[in-house]
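# Chains, contacts and geometry: an overview
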Amino acid sequence: MNALSPMLSPPILSIEAVVKNFRGLRAVDGVSFTVAKGEIVALIGPNGAGKTTVFNMIAGVFAPNDGDILLEGQSLVGLRPDQVCRAGVGRTFQLVKPFGNLSVEENVVVGALRWAADVAEAKRLAREVLEMLGLADKRRLPARSLTLPDRKCLEVARALATRPKLLLLDEVMAGLRPAETDRMVETFQRLNRETGLTIVLIEHVMRAVMALSHRVVVINSGKPVCEGIPAEVVRDPRVLDCYLGEEAV
């Protein structure tokens, strides 16, 4: 069962009517939503809906053609990805590509060096994060040797090592078995509960969306459809028509 959404306070993230065009294609068309500090929000919709484009605008990969993106009231528009990371946004990617020739621990140290005073401090945090994600016993292995579930965990570990205020998870549970998905959900629930970490996730695995998210935002063809608590959203006829009719719940 998903936890109750936190009491609303000034949002940590505000997406304000963002628009993104690629040549003649409008990939995102007026999407708006907010995320409260400590909230877990799922961004869902069919393939090609514009979800990852929204993530890329938050992370500084693309600048919106219109609208604004605010982190704790400060605009992120115009910042480079490294500057967005320094502002407190960590993210994972759909295609998991660790530094294959580096060890698991070294991969996480790279993320920790964003803020750590020295390599020793970065290693200390890396080991804490790996312990949390169940990878401590594999820290000396080359990253290329990991299974898909462990590579997914490593991707999350690298993002967490940057000490984000806001964590963007892009389909981290895709390709996992149900039991592996449940373990990942439990990890994010624990992080959210124990550290207050704010999470926005893109996810097609509805098992995870229903268990993890406090609130769901649905977009289709780049446009907002609806938002609400998971139990309400999955019964909305607009969502059934554009998305859940195609997906296994």
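Residues numbered from 1 in each chain as written. Predicted model: local features only at pLDDT ≥ 70, side-chain atom pairs only at ≥ 80, totals over all residues. Heavy atoms only, no water.

### A closer look at the overall build of the protein
Threshold: Secondary structure elements are taken from DSSP: a helix is a run of H or I of four residues or more, a strand is a run of E of two residues or more, and numbering for both begins at the N terminus. Restricting the calculation to C-alpha atoms gives the radius of gyration, and the globule rule supplies 2.2 Å times the number of residues raised to the power 0.38. With a 1.4 Å probe rolled over the protein chains alone, any residue whose accessible area is under 20% of its type maximum counts as buried; one over 50% counts as exposed, and the rest are partly exposed.
If you tally the helices and strands in the protein, you get nine helices and 10 strands. The globule rule puts the C-alpha radius of gyration for 249 residues at 18 Å, and the 18 Å found for the protein is close to it. Expressed as lengths along the three principal axes of its C-alpha atoms, the size of the protein is roughly 50 × 40 × 40 Å. Within the protein, the proportion of its 249 residues that are buried is 51%.

### Remarks on the environment of Val185
Heads up, the rule is: Note on contacts: a residue pair qualifies if any of its non-hydrogen atoms lie within 4.5 Å across the two residues.
Here Val185 lies in helix H6 (residues 178-195). Judged by relative accessible area, Val185 falls into the buried class, the value being 6%. Separated by 12 residues in sequence, Val185 and Met173 place their C-alpha atoms 8.8 Å apart. Not counting chain neighbours up to four residues away, the residues in contact with Val185 comprise Met173, Ala208, Ala211 and Leu212.

### Thoughts on a nonpolar patch on the surface
Cut-off, in case you're wondering: Note that patches include only residues with greater than 30% relative accessible area and no salt bridge, and the join distances are 9 Å for like charges and 5 Å for nonpolar side chains (Val, Leu, Ile, Met, Phe, Trp, Tyr). For accessible areas, the Shrake-Rupley method is used with a probe of radius 1.4 Å. Any residue's cover is judged against the shown protein chains and nothing else. Whenever a carboxyl oxygen of Asp or Glu lies within 4 Å of a side-chain nitrogen of Lys or Arg, that contact is scored as a salt bridge.
Judged by side-chain polarity, Phe99, Leu102 and Val110 come together as a nonpolar surface patch covering roughly 240 Å² of accessible area. Within the secondary structure layout, Val110 lies in helix H3 (residues 104-112). Owing to a relative accessible area of 41%, Val110 belongs among the partly exposed residues under this scheme.

### A look at the packing of H3 against helix H4 (residues 119-132)
The packing of two helices is summarised by the inter-axis angle and the distance between the axes. Let me state the cut-off plainly: A fitted line through C-alpha atoms represents every axis, and for helices the fit uses only the stretch in contact; the resulting angles, taken between N-to-C directions, go from 0 to 180 degrees. Crossing chirality is assigned from the near helix's rotation relative to the far helix, an anticlockwise turn below a right angle marking it left-handed and a clockwise turn marking it right-handed. Lys, Arg, Asp and Glu make up the charged group, whereas Ala, Val, Leu, Ile, Met, Phe, Trp, Tyr, Cys and Pro make up the nonpolar group; the residues left over, Gly among them, are polar.
Two elements in contact, H3 and H4, have axes separated by 8 Å at closest approach and are oriented at 115°. Both H3 and H4 take part in a crossing whose hand is right-handed. Contacts from Val104, Glu105, Val108, Val109 and Ala112 in H3 reach Ala122, Lys123, Leu125, Ala126, Arg127 and Leu130 in H4. Taken together, the residues of the contact of H3 with H4 break down into eight nonpolar, no polar and three charged.

### Re the packing of aromatic side chains
Where we set the bar: Aromatic pairs are defined between Phe, Tyr and Trp rings, using the six-membered ring for Trp, whenever the two ring centres lie within 6.5 Å; interplanar angles under 30 degrees are classed as stacked, those over 60 as edge-to-face, and all others as tilted. For a lysine, the NZ atom is tested; for an arginine, the CZ atom; a charge sits over a ring if that atom is within 6 Å of the ring centre and within 35 degrees of the ring normal.
As enumerated under the stated definition, the model contains one aromatic pair in all. Ring geometry for Phe22 and Phe62: centres 5.1 Å apart, planes at 75°, overall edge-to-face. You can see Phe22 sitting in strand E1 (residues 13-22) and its partner Phe62 sitting in the loop between helix H1 (51-58) and strand E4 (66-71), a full 40 residues away along the chain. In this structure, Arg158 is placed above the aromatic ring of Phe99, and the distance from its NZ or CZ to the ring centre is 5.4 Å. One cation-aromatic arrangement involves Arg163 over Trp115; the distance from NZ or CZ to the ring centre is 3.6 Å.

### Notes on the domain arrangement of the protein
Filter applied, for reference: Just so you know, the domain bounds were taken from an automatic or database domain assignment. For any pair of parts, buried area is found by adding up, for both, the accessible area (1.4 Å probe) each one loses once the two are put together.
What the domain assignment lists for the protein is domain 1 (1-88 + 167-249) and domain 2 (98-163). Averaged C-alpha coordinates put domain 1 and domain 2 at centres separated by 24 Å. Listed by partner, the interface residues are 16 residues for domain 1 and 11 residues for domain 2. Across the domain 1 to domain 2 interface the summed buried area is about 1,100 Å²; carbon plus sulfur atoms make up 73%.

### Observations concerning the pattern of salt bridges
Within this structure, the stated rule accounts for 15 salt bridges. As a salt-bridge pair, Arg215 and Glu39 come within 2.8 Å of each other at their nearest N and O atoms. Here the residue Arg215 occupies a position in strand E9 (residues 215-220), and Glu39 occupies one in the loop between strand E2 (25-35) and strand E3 (40-44), the gap between them amounting to 176 residues. In this pair, the class of Arg215 matches that of Glu39, namely buried. With a shortest N-O distance of 3.1 Å, Arg158 and Glu155 are connected by a salt bridge. Placement of both Arg158 and Glu155 in helix H5 (residues 148-160) is noted, with a separation of three residues, approximately one turn of the helix. For the residue pair Arg158 and Glu155, the accessibility class agrees, reading buried in each case. Connected via shared salt-bridge partners are Glu39, Arg215 and Glu227.

### Observations concerning the sheet that holds strand E5 (residues 74-75)
Rule in force here: Two strands are counted as paired when DSSP detects at least two bridges linking them.
Taken in spatial order, the four strands of this open sheet run E2-E1-E4-E5, and their pairing is antiparallel. Both outer strands of the open sheet, E2 and E5, are each paired with one neighbouring strand and no more. Pairing of E1 with E2 involves eight bridges; the strand directions are antiparallel. If you follow Phe22 over to E2, its bridge partner there is Leu25.

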